[in-house]
Amino acid sequence: MAESDELERPAPPPAPLSRDWAGALEQGAAAPPLAAAPQPAGDAHDLLRTDLYSKGQTVHNKRIDGPFRRFKWLVMLVTLTIYYATPWLRWDRGPYAPDQAVLVDLANRRFYMFDIEIWPHEFYFVAGMLIIAGIGLFLITSAVGRAWCGYACPQTVWTDVFQHVDRFFDGDRNARIRLDKAPWTASKIARRSAKWAVYLAIAFWTGGAWIMYFADAPTLTRDFWTGNAAPVAYATVGILTGTTFWLGGFMREQVCIYMCPWPRIQTAMLDEKSLIVTYKDWRGEQRGSLKKAAKSPEAYGDCIDCNMCVAVCPTGVDIREGQQIGCITCGLCIDACDRVMAEVGRPRGLIDYATLDQCKAEAAGAPATPAWKALLRPRVFLYFGVWGAIGAGLLFALGTRTHTDLTVSPDRNPPYMLLKDGSVRNAYTLRLRNMEARPRDMEVALVGLPRGAVMWTDAVSVENAAPVQVIAVPANETRIVRAYVMLPPGSEDDSLEFAFRLTSLDEQGEQDIAETTFAQPDPATPEDDE
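Right, let's walk through the structure included here. On a predicted model such as this, the values are computed, not experimentally measured, just so you know. (Residues numbered from 1 in each chain as written. Predicted model: local features only at pLDDT ≥ 70, side-chain atom pairs only at ≥ 80, totals over all residues. Heavy atoms only, no water.)

Side note on the overall build of the chain
The line we're drawing: The way it works is that DSSP assigns letters per residue, a run of H or I at least four long becomes a helix, a run of E at least two long becomes a strand, and they are numbered from the N terminus. Note on contacts: a residue pair is in contact if any heavy atoms of the two residues lie within 4.5 Å.
Along the backbone of the chain there are 18 helices and 14 strands. Counting only contacts in the chain whose residues sit at least 6 apart along the sequence, the fraction spanning at least 24 positions is 71%.

Side note on empty space enclosed by the protein
Vacant regions in the atomic arrangement are exposed by a probe of water-molecule size rolled over the atoms. Convention followed: The definitions used throughout rest on a 1 Å grid laid over the protein atoms alone, on which a cavity is an enclosed set of points accommodating a 1.4 Å probe that cannot get out and a pocket is an open set flanked by protein within 12 Å on both sides along at least five of seven lines; lining residues are those having an atom within 4 Å of a point. Grid points are joined across faces, edges and corners, and a volume is the space filled by probe spheres set on the points.
For the coordinates displayed, the defined rule picks out 5 cavities of 30 Å³ or more. By volume, the largest cavity is sized at about 120 Å³. As for the largest cavity, its lining consists of 16 residues, of which T156, T159, Q163, P314 and I328 are closest to the centre. At the level of secondary structure, the elements contributing two or more residues to the lining of the largest cavity comprise α3 (67-85), α6 (154-170) and α11 (253-259). In terms of residues, the lining of the largest cavity owes the most to one element, α6, which gives 6 residues.

Quick notes on unusual backbone geometry
The condition is simple: The classification of residues rests on relative accessible area computed with a 1.4 Å probe and restricted to protein chains. Under 20% of the type maximum is buried, over 50% is exposed, and intermediate values are partly exposed.
Between E285 and the following residue, Q286, the backbone shows a cis peptide bond with an omega angle of -5 degrees. In this structure, Q286 sits in the loop between α13 (281-284) and α14 (290-295). Omega for the peptide link from N413 to P414 comes to 0 degrees, which places this bond in the cis form. Look at R252: it is not a glycine, yet its phi comes out positive at around 45 degrees. When its relative accessible area of 8% is taken as the criterion, R252 is described as buried.

Description of the layout of surface pockets
Of the pockets and cavities examined, the second largest pocket occupies roughly 980 Å³. Along its surface, the second largest pocket is lined by 20 residues, and I82, Y83, W148, W210 and Y213 are the ones closest to its centre. At the level of elements, α3, β1 (102-105), β2 (110-113), α4 (123-144), α5 (147-152) and α6 are the ones that each hand at least two residues to the lining of the second largest pocket. At 4 residues, the largest contribution of residues to the lining of the second largest pocket is made by α3.

Some remarks on the state of the cysteines
Condition: Note that a disulfide, as used here, is simply two cysteine sulfur atoms within 2.5 Å.
One pass over the full model with this rule turns up 0 disulfides. Here C309 is not disulfide-linked; the sulfur of C306 is the nearest cysteine sulfur, at 6.5 Å. Among the residues examined, C309 registers a relative accessible area of 8% and is labelled buried.

Points about helix α16 (residues 332-344)
Spacing of three or four residues puts side chains on the same side of an α-helix, whose turn is 3.6 residues. Spelled out, the test is: The span expected for a helix works out to 1.5 Å for each residue beyond the first.
Helix length check: α16 (13 residues) gives 19 Å between terminal C-alpha atoms against 18 Å at 1.5 Å per residue, within 8%. Against the buried residues of α16 lie α3, β4 (276-279), α13, α15 (308-311) and β5 (351-354). Looking one or two residues past α16, G345 carries a phi angle of roughly 75 degrees, positive in sign.

Remarks on the packing of α6 against helix α8 (residues 186-211)
Just so we agree on the cut-off: Each axis is a line fitted through C-alpha atoms, and for a helix only the stretch in contact is used; angles between axes span 0 to 180 degrees, taken between their N-to-C directions. Our angle categories are set so that under 35 degrees counts as roughly parallel, over 145 as roughly antiparallel, 65 to 115 as roughly perpendicular, and the remainder as oblique. Here is the rule for handedness: rotate from the far helix to the near one, and if that takes an anticlockwise turn smaller than a right angle the crossing is left-handed, while a clockwise turn gives right-handed. Any residue outside Ala, Val, Leu, Ile, Met, Phe, Trp, Tyr, Cys, Pro, Asp, Glu, Lys and Arg is labelled polar, Gly included; the first ten of those are nonpolar and the last four are charged.
Interaxial distance between α6 and α8 falls to 10 Å at its minimum, and their mutual angle equals 155 degrees. By the angle class used here, α6 and α8 are roughly antiparallel. Crossing of α6 against α8: the hand is right-handed. Residues W158, V161, F162, V165, D166, F169 and D170 of α6 touch α8, and the partners they reach there are R191, R192, A194, K195, V198, Y199, I202 and T206. For the contact of α6 with α8, a count of residues per class yields 9 nonpolar, 1 polar and 5 charged.

With respect to the packing of α3 against α16
Direction vectors running N to C along α3 and α16 enclose 145 degrees, while the axes themselves pass 7 Å from each other. Of α16, the residues touching α3 (which contributes P67, F68, R69 and K72) are L332, I334 and D335. Across the contact of α3 with α16, the residue classes break down as 4 nonpolar, no polar and 3 charged.

Notes on the pairing of strand β6 (residues 404-410)
The condition that has to hold: Any two strands with at least two DSSP bridges between them are considered paired.
A large share of β6 lies buried, amounting to 5 of its 7 residues. Both β6 and strand β8 (residues 424-434) contribute to a ladder of 7 bridges, which runs antiparallel. Note that in β8 the partner of T404 across the bridge is N434.

Examining the pattern of salt bridges
The condition that has to hold: Salt bridges are counted wherever a side-chain nitrogen of Lys or Arg sits within 4 Å of a carboxyl oxygen of Asp or Glu.
Per the stated rule, a full pass over the model turns up 32 salt bridges. One salt-bridge network, in which partners are shared between bridges, spans D166, D170, D180, R192, K195 and R252.

Thoughts on the nonpolar core
Stated formally: Remark: nonpolar core denotes a set of buried residues (Ala, Val, Leu, Ile, Met, Phe, Trp, Tyr, Cys) joined through side-chain atoms within 4.5 Å.
Of all hydrophobic cores here, the largest spans 35 residues; its most connected members are V277, I319, C333 and I351. Secondary-structure elements contributing two or more residues to this core are α5, β4, α15, α16 and β5. Counting residues per element, this core draws most heavily on α16, which supplies 7 residues. If we skip the residues at most four places from it in the chain, I319 touches V277, Y279, C309, Q324, C327, C333 and I351.

What to know about the side chain of T86
Which entries qualify depends on this criterion: In protein, a polar contact requires one atom able to donate a hydrogen and another able to accept it; more generally it is a pair of N or O atoms within 3.5 Å, and residues adjacent in sequence count only if both atoms are side-chain atoms.
Within the secondary structure, T86 is located in the loop between α3 and β1. Accessibility expressed as a relative area gives 12% for T86, which makes it buried. At 2.4 Å, the side chain of T86 and the backbone oxygen of I82 are in polar contact. What T86 contacts, discounting residues up to four positions off in sequence, is T81, V102 and Y213.

Re the packing of aromatic side chains
Our working definition: Any two rings among Phe, Tyr and Trp, with Trp reduced to its six-membered ring, count as a pair given centres within 6.5 Å; such a pair is stacked if its planes are under 30 degrees apart, edge-to-face if over 60, and tilted if neither. Here, a charge over a ring is recorded when the distance from Lys NZ or Arg CZ to the ring centre is within 6 Å and its angle to the ring normal is within 35 degrees.
Applying the stated criterion to the full structure yields 29 aromatic pairs. Their ring planes at 65 degrees and their centres at 6.4 Å tell us that Y84 and W158 sit as a pair that is edge-to-face. Residue Y84 is found in helix α3, and its partner W158 is found in helix α6; the two are separated by 74 residues along the sequence. The class of Y84 is buried, set by a relative accessible area of 13%. Taking 6.0 Å as the distance between ring centres and 80 degrees as the angle between the ring planes, the aromatic pair formed by Y199 and F250 counts as edge-to-face. Residue Y199 is found in helix α8, and its partner F250 is found in helix α10 (residues 231-251); the two are separated by 51 residues along the sequence. According to the relative accessible area criterion, Y199 is buried, its value standing at 2%. The structure contains a cluster of three or more aromatic residues connected by ring pairs, namely Y83, Y84, W158, W205, W210, Y213 and F214. One cation-aromatic arrangement involves R110 over W119; the distance from NZ or CZ to the ring centre is 3.5 Å. A cation sits over an aromatic face here: K188 above W184, 4.5 Å from the ring centre.

See below:
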């Protein structure tokens, strides 16, 4: 059953004691651990360092083929294509807006995504998308465990890319282990130099793709290579190149185990009904080779102790020791174990996606339950309902929003001006927002003031004052206008509620109304005319 190119297998670790599924589920914990071995007398600091620290071991995972490995290939291809290609997609928004499909335009404070354009005052859309992403992670974790970590996390995707680079230059697992132990000869230096150069190229490409989301990609690429880009572009590419090179090329599983907080959050969200990658020890133990099992079939389980599940794991986890924080639920150990079971003529599923409840039932003699049935439970439906409701709300808000907006700020000091003829004048700052990619004429009208109220602006003289004014607003801009409203003498109220009504003079005819107040002197308090 061994592959022809595999020269040796790593020594299998000693078999752990069989776990008691029923006791673990009923008591909330596994069986009591074995007593710790007595420590030799010595310096307390040395003992503490020995107990709590061990030198990291480089993980050289073996190549494997199977359904989960092919699914990882698909996810990696899709995610990397989206990341690298999206900034180069074009989207026609007319002559007054950028034609990049996805663009975070920090200079003009806009976020473009195909037909969607988010303005600064619409940040709630961004907040909603972040909430959807968070609840989506909760949903995935509740349903299928750490599938996000195993397939779509950027650290996982780029680590997978770098591991394939390792295989291209250094060979498969055993060849890489031998090369690591070999002395630094000219051949080894050449291999390492070539491999690290590819690491650096991938890392640089990754950092360069990131900055393309914040400016027009073709223009920024030309400016970058001619030295005309902004310093922040070079600094960003340098930082992302370094972090990608180091985290993806060398730290790899250490990021998942030690640096990332998400695995610790996910463990609090799992329960006995969550799908996880599980070794069915009630079926696999006692472990033994095929020769031993042939001599005493009743004394050994299905696990032949080939250690293939450990050899293919990208984080070096032995799933037979139970759930660990290093397990990213990628399923490669399932592919490896199913392949071995097929070769030795035993049923698949010794390592499989299963819930603890399903394992308990199988250990008691019940037939295996299809994994998809674990998704049909209230917790999953609750997360999905909340996720879908927020998404539907955002889509409704996007579909019903107008592209015209008006904000009014009355002057506070002075709140009014009393003119010689008894008229009262108030001043306001209007912000007319045109969210279309074309210039539009907009009508501003007074609503709710007594007859005779008129308005003019800095661009319209008082002789042309009228209850309605037409103002041209450029495409994708907010025009700030100083407006003056005058009320003839005769009103007895010291404050009037009214509104400015903004109407776009095009086929859309969009409207927005901003309520405000008109301040006047108290009629009971005489004032001298200025």
